[in-house]
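# Structure assessment
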2 protein chains.
Amino acid sequence: MPKNAFYAQSGGVTAVINASACGVIEAARRHGDKIGKVYAGRNGIIGALTEDLIDTSQESEAAIAALRYTPSGAFGSCRYKLKSLEENKREYDRLMEVFKAHDIGYFFYNGGGDSADTCHKVSQLSEKLGFPIQAIHVAKTVDNDLPITDNCPGFGSVAKYIAVSTREASYDVRSMAKTSTKIFVIEVMGRHAGWIAAAGGLAADAENDIPVVILFPEIEFDQERFFARVKAMVDKYDYCSVVVSEGAKWPDGRFLAEQGTRDAFGHAQLGGAAPVVANMIKDALGYKYHWAVADYMQRAARHIASKTDVDQAYALGQAAVEAAVRGENAIMPAIKRISNDPYEWEIISAPLSEVANVEKMMPREFISEDGFGITQACRDYLVPLIQGEDYPPYENGMPKYVTLKNEAVAKKLPAFEI
Amino acid sequence: MPKNAFYAQSGGVTAVINASACGVIEAARRHGDKIGKVYAGRNGIIGALTEDLIDTSQESEAAIAALRYTPSGAFGSCRYKLKSLEENKREYDRLMEVFKAHDIGYFFYNGGGDSADTCHKVSQLSEKLGFPIQAIHVAKTVDNDLPITDNCPGFGSVAKYIAVSTREASYDVRSMAKTSTKIFVIEVMGRHAGWIAAAGGLAADAENDIPVVILFPEIEFDQERFFARVKAMVDKYDYCSVVVSEGAKWPDGRFLAEQGTRDAFGHAQLGGAAPVVANMIKDALGYKYHWAVADYMQRAARHIASKTDVDQAYALGQAAVEAAVRGENAIMPAIKRISNDPYEWEIISAPLSEVANVEKMMPREFISEDGFGITQACRDYLVPLIQGEDYPPYENGMPKYVTLKNEAVAKKLPAFEI
C-alpha cells in the first residue's frame, strides 16, 4: 500500500494558495501507485496536532479543479508556529504519532518562512526517529520574502491588484483634482518589506504619466522631504497618488500608523497608515484627500489574479509531489527566472536548510535614489509577475468559487491539548 | 451648419461615466447632419464658465471607442453646483454667452441630482431668452438615487465590486478564523442611501453561506443589537463579515466615523467608519479583526465592471443624442425595467421637471426586518444590475485605459471669474 500524504495551509492565505493545493492533489491523484490519499489539515498544522484531518479523496475532480480559481485557504489555515524541537518536543512527537496512525509518508506544507522552518524540522525529526517522512515545502507568501525562489506565489496577484487599483484610483483623482480631491492615499500590506508597495509604482508607465509617491518600510520616513515631493507632484500634475506600506516607519522606529491617537475613552488609535498620511498632507499642504485601505481585499482578489502567479502556484504544488515521488526530501520547489522579456522560468529544488529562517529583502537598487519610487530594475523584475489574466468563472454576475465538503477522517488517537 | 454640442461630466466620477461619453460622441458623429462638433467642458461645467472647451473631434475613433472601457472622467469633472437663477444669474448668462459664441445648440450634462437640476435650469433659461438650447441630462451616480430611472449608471459596477470583494474577503477570513481574524469590516460609499451597502449582501447566496451583517444609513444604529447579531454569527460560523456604509449613524445623528478621537496634537480623528466598527467589536466581544476602506477603488474599478452597467451607460449616452436629434428637450433618458429574470429593460424619457431635486431612497422592504441584511426583493432588484463581465483590454499585465489629447478650442470671449 502506498503511503498517504498530509497537506496543510499555513499563515495568511492568498488568492492562489488553493491553486497550489490543486496542483498537489491533482498530481498526487496521478501517482496513485506511490501516494495513497491526500489528507489535509483542517485549519493548517492545528489539524495535524488535533488529528482533525480532511479526506480530500471525498472531493470530486471538478471540486478540486475549482480550487485553481478559488481564493483563500479551502481547508482553513492558522497562525500557529511550532517552537523549536527543544522547546516543544511534545508537539513534534504528536505530529509523528498522527502521521504514523494515518500512514502518512509525505508532508506538504504550504506557507511562508515559518512553515519552511517547521517543514525542515519535521524532516530532521523523522530522520532522527527513523520514521520516514518526506517533507516538502510549497512556497506561499504575499510578502515575497522567501530566499532562493525568484518570487513567491501569492505575491504576483497582490502586485497586480495594487498596480491596477492604484492606476484606476489615480485616473479618478485626476478627474476630480480641479475643484475637489488632489491626493489619493492607498495603504498596502507588507510589514517588513516593500515588495507590495513597489507594485503601486506600476500604475505609471510610458503611456500613463501618473504621479505616484511610495512610502517603503525600507526607507526612513522624512516628513519634510515627503511633503516637498507631494507638493512638487501636485504643482506639476494637480494631483498625486501615495502608496503607503503598512510597514512604513517614523525615524524612531514606530509605525506611521502609531500616532498616539486616543478616542474619547482613552483607547489607542484605530486607524492605519493611510489616514495618518492623508491627514498630515492636509495639515501641511491643505490638499483635499481620499484614502483607502485594501487589507484582505488585496490578497483575496482572485477576480484580478495574475495568470503568471496562478500558473506558478499550481506548478509548484505539482512539482512538490513530483519531487516527493522522485524521493526528494527537505526541499522547496523554487522558481528560477531564465529571462525577463519574454518572461521564462523553470522550477528548481531549494534545500530547506537554506530556506528556513532567511528573509529576502527588497534590494536597495529597486528603490529610486530619492526613496519615493521604483527603478527600472524593479520594474523589470515586477512586470513579468503580473502578466496575464486568469478570470474565474461567473454565475449570476458573481465569481463561482468552490467550498469543499471537507469531510473528516475518523480519529484513531486520544485527544491532544494545544 | 448644424449646431455644435456641449458635453460635461459632473460630480464624483465612476467606472462607466466615460462609456456614456463614448455613447454621446459616437452617436453625435453618426448624426453629422444635425450635430456639428462635440465640445467637452474641461473639468465639467467649469470648462463652460471659463470657456475652456475641449474639441473632441480631434480624438480618433479608436480613442473615443476606448472611453467605453476607461474609468474616471476623461475630460475632468468638478464639484461645482450652480446656484438658483435668482442667486446667480451671472453664471447662467455666462453659460449662454459661451454657448452662443461657440454655436452650441445641445447641452448634454452627465451627472447626478444636482446636475439634473442645472440641466433643467439651462433649458428654462434658454426658453426664456429665446436662445434655443436642447438640454438633456445623462444619468450618472454610484449613489443610485435618481428618481424615475430603475437604476443609475455607475451603481451596478460599484455594486459588483463590493459584492465580489466582500465574498472574496469573507472566504479569506473564514480561512483564518480558527486562530486569528474572525471579523472583517468593509466600509463602502453611500452617505445618504444604503444601495451600495446592500450590494455587500450579494456576497452570500444559496451556494455561499456567508454571514454578512450590514449597517445601513437608513437604520438607526443600535449597538447592543449589533453586538448580539455579530456574536450570533461568530458562534455559528466562527467568523463574520460586516459591511458598513460611510453614512451609518449613531442614534443622535452623528456618523459612526465621528468618534471624537483626537491625536496627540488635538486634531480630530482621521479614520472612517470601518476602524470604528472593528474596534468596538473587539472591545465588546474580543474578536480579532481586519478592516478595509474601499473608497475611490470601488467607483474606479473598471476591471470588474458590470457588463449590464457598461451597456446601460453607453445606451443612455446614445439615447441622449437620439432624443436631441428628435427635438426633445429638458429630459433625461431613463431605464425602465421590464422583467427581472431574464433581465429586460428599455429606455424611456423622463421629464427633468420630475427628476430635479428628487432623491430616491432605498425602500424599507429591501432591508430585512432586523435591519442588518437584504430581503429577497432587494436581491431580485440588485442581481440583474451586476450581470456580466466586460473586461478592458490588457497590455503587459495592466489594463490599457485611454488618456485623451483634450485639445482646447480657441477662446472667443473675455475671461470670467468664478
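Residues numbered from 1 in each chain as written. Chains lettered and ligands numbered in written order. Predicted model: local features only at pLDDT ≥ 70, side-chain atom pairs only at ≥ 80, totals over all residues.

## Let's talk about the overall build of chain A
Operational definition: To qualify as a helix, a DSSP run of H or I must reach at least 4 residues; to qualify as a strand, a run of E must reach at least 2; elements of each kind are numbered from the N terminus. The size measure is the radius of gyration over C-alpha atoms, and the globule rule it meets is 2.2 Å times the number of residues to the 0.38 power. As a rule, residues whose C-beta atom has 12 or fewer other C-beta atoms within 10 Å are exposed, those with 20 or more are buried, and those in between are partly exposed; C-beta atoms are placed from the backbone. Once C-beta atoms are placed from the backbone, any two residues with those atoms within 7 Å are in contact.
When helices and strands are tallied, chain A shows 13 helices and 13 strands. Against the compact-globule benchmark of 22 Å for 418 residues, chain A has a radius of gyration of 23 Å, which places it among compact chains. Taking the principal axes of the C-alpha coordinates as reference, chain A spans close to 70 × 50 × 45 Å. Burial statistics for chain A: of 418 residues in total, 61% are counted as buried. Within chain A, residue pairs in contact and separated by at least 24 positions form 75% of the contacts whose partners lie at least 6 positions apart.

## Considerations on the nonpolar core
Under the convention used in this document: In plain words, the nonpolar core is the set of buried Ala, Val, Leu, Ile, Met, Phe, Trp, Tyr and Cys residues that C-beta atoms within 7 Å link up.
Residues A:Val277 and B:Val277 are the most contacted members of the largest nonpolar core, which totals 302 residues. With residues near it in sequence (within four places) discarded, B:Val277 still touches B:Val185, B:Leu215, B:Val242, B:Val244 and B:Leu256.

## Points about the packing of helix 8 (residues 223-237) of chain A against helix 9 (residues 273-285) of chain A
Residues and elements named next belong to chain A. As a reminder of what qualifies: Only the stretch in contact is used when a helix axis is fitted, and all axes are lines through C-alpha atoms; the angle between N-to-C directions ranges over 0 to 180 degrees. Relative orientations are named as follows: roughly parallel for angles under 35 degrees, roughly antiparallel for angles over 145 degrees, roughly perpendicular for angles from 65 to 115 degrees, and oblique for any other angle. Ten residue types, Ala, Val, Leu, Ile, Met, Phe, Trp, Tyr, Cys and Pro, are classed as nonpolar, four, Asp, Glu, Lys and Arg, as charged, and the remainder, Gly among them, as polar.
In contact at an axis separation of 11 Å, helix 8 and helix 9 are set at 75° when each is read in the N-to-C sense. The angle between the axes of helix 8 and helix 9 places the two elements in the roughly perpendicular class. Residues Phe227, Val230 and Lys231 of helix 8 form the contact with helix 9, whose participating residues are Ile281, Ala284 and Leu285. When grouped by side-chain class, the residues that make up the contact of helix 8 with helix 9 number five nonpolar, no polar and one charged.

## Considerations on the interface of chain B and chain A
Of the residues lining the interface, 68 residues belong to chain B; the matching set on chain A comes to 68 residues. Those elements that provide at least two residues to the side of chain B that touches chain A are helix 6 (155-176), helix 9 (273-285), strand 9 (289-293), helix 10 (295-300) and strand 13 (398-399) of chain B. When residues in the side of chain B that touches chain A are grouped by element, the largest group, 13 residues, is from helix 6 of chain B. When grouped by side-chain class, the residues that make up the side of chain B that touches chain A number 32 nonpolar, 23 polar and 13 charged.

## Topic: the domain arrangement of chain A
When the parts come together, some accessible area is lost, and that loss is often what is quoted as the size of the interface. Residue and element names in this part refer to chain A. Quick reminder of the rule: For every domain, the bounds stem from an assignment made automatically or drawn from a database.
For chain A, the assigned domains read domain 1 (3-140 + 302-356 + 389-399) and domain 2 (155-299). Inter-centroid distance (C-alpha atoms) of domain 1 to domain 2 is 34 Å. Opposite the nine residues of domain 1 that make contact, domain 2 presents six residues. Looking at the side of domain 1 that touches domain 2, its residues break down into four nonpolar, four polar and one charged.

## Considerations on the relation of the copies chain B and chain A
Heads up, the condition is: The least-squares superposition of copies is restricted to C-alpha atoms, and to residues with a pLDDT of at least 70 in both copies.
The operation relating chain B to chain A is a screw motion whose rotation component is 180°, with 0.0 Å of axial translation and a residual RMSD of 0.0 Å. Such a combination of rotation and displacement between the chain copies is what one expects of a two-fold axis. Residue B:Val293 of chain B places its C-alpha closer to the rotation axis than any other residue of that unit, at 2.5 Å. The share of interface residues of chain B whose copies in chain A are also at the interface is 100%, consistent with both copies meeting through the same surface.

## Focus on the environment of B:Lys3
Residues and elements named next belong to chain B. Within the secondary structure, Lys3 sits in strand 1 (residues 3-9). By C-beta crowding, Lys3 is classed as partly exposed, having 19 other C-beta atoms within 10 Å. As for Lys3 and Lys412, which are separated by 409 residues in sequence, their C-alpha atoms are 17 Å apart. When sequence neighbours within four positions are dropped, the list of residues in contact with Lys3 reads Ile35, Gly36, Asp103, Ile104, Gly105 and Tyr106.

## Considering unusual backbone geometry
Between A:Asp341 and A:Pro342 the backbone carries a cis peptide bond, its omega angle lying at 5°. Its location among the elements puts A:Pro342 in the loop between strand 10 (331-340) and strand 11 (343-351). The backbone phi angle of A:Glu51 is positive, close to 60°, even though this residue is not glycine. Note that A:Glu51 resides in the loop between helix 2 (45-49) and strand 3 (53-55). The backbone phi angle of B:Asn144 is positive, close to 60°, even though this residue is not glycine. Among the structural elements, B:Asn144 can be located in the loop between strand 5 (134-139) and helix 6. Since 28 C-beta atoms lie within 10 Å of it, B:Asn144 is described here as buried.

## Observations concerning the pairing of strand 6 (residues 183-188) of chain A
All names here are of chain A. Keep this limit in mind: When DSSP finds two or more bridges between two strands, those strands count as paired.
Along strand 6, six of the six residues are buried, which leaves the element largely enclosed by surrounding structure. In strand 6, alternate side chains face the same way, and those of Ile183, Val185 and Glu187 on one face and Phe184, Ile186 and Val188 on the other are all buried. Relative to strand 8 (residues 240-245), strand 6 is paired through six bridges, and the arrangement is parallel. Paired with Ile186 across the two strands is Val243, which belongs to strand 8. Examined bridge by bridge, strand 6 and strand 9 (residues 289-293) share five bridges and lie parallel to one another. By the bridge assignment for strand 9, Phe184 is matched with His290.

## Describing the pairing of strand 5 of chain B
All names here are of chain B. Just so we agree on the cut-off: Looking down the strands as they point away from the viewer, one classifies a crossover as right-handed if the path from the first strand across the helix to the second runs clockwise.
Most of strand 5 is tucked away, with six of its six residues classed as buried. With burial as the criterion, each face of strand 5 is covered, one bearing Gln134, Ile136 and Val138 and the other bearing Ala135, His137 and Ala139. Two elements, strand 4 (residues 104-111) and strand 5, share six bridges in a ladder whose sense is parallel. Paired with Phe108 across the strands is Ile136, a residue of strand 5. Each parallel crossover has a hand, and for strand 4 linked through helix 5 (residues 113-129) to strand 5 it is right-handed.

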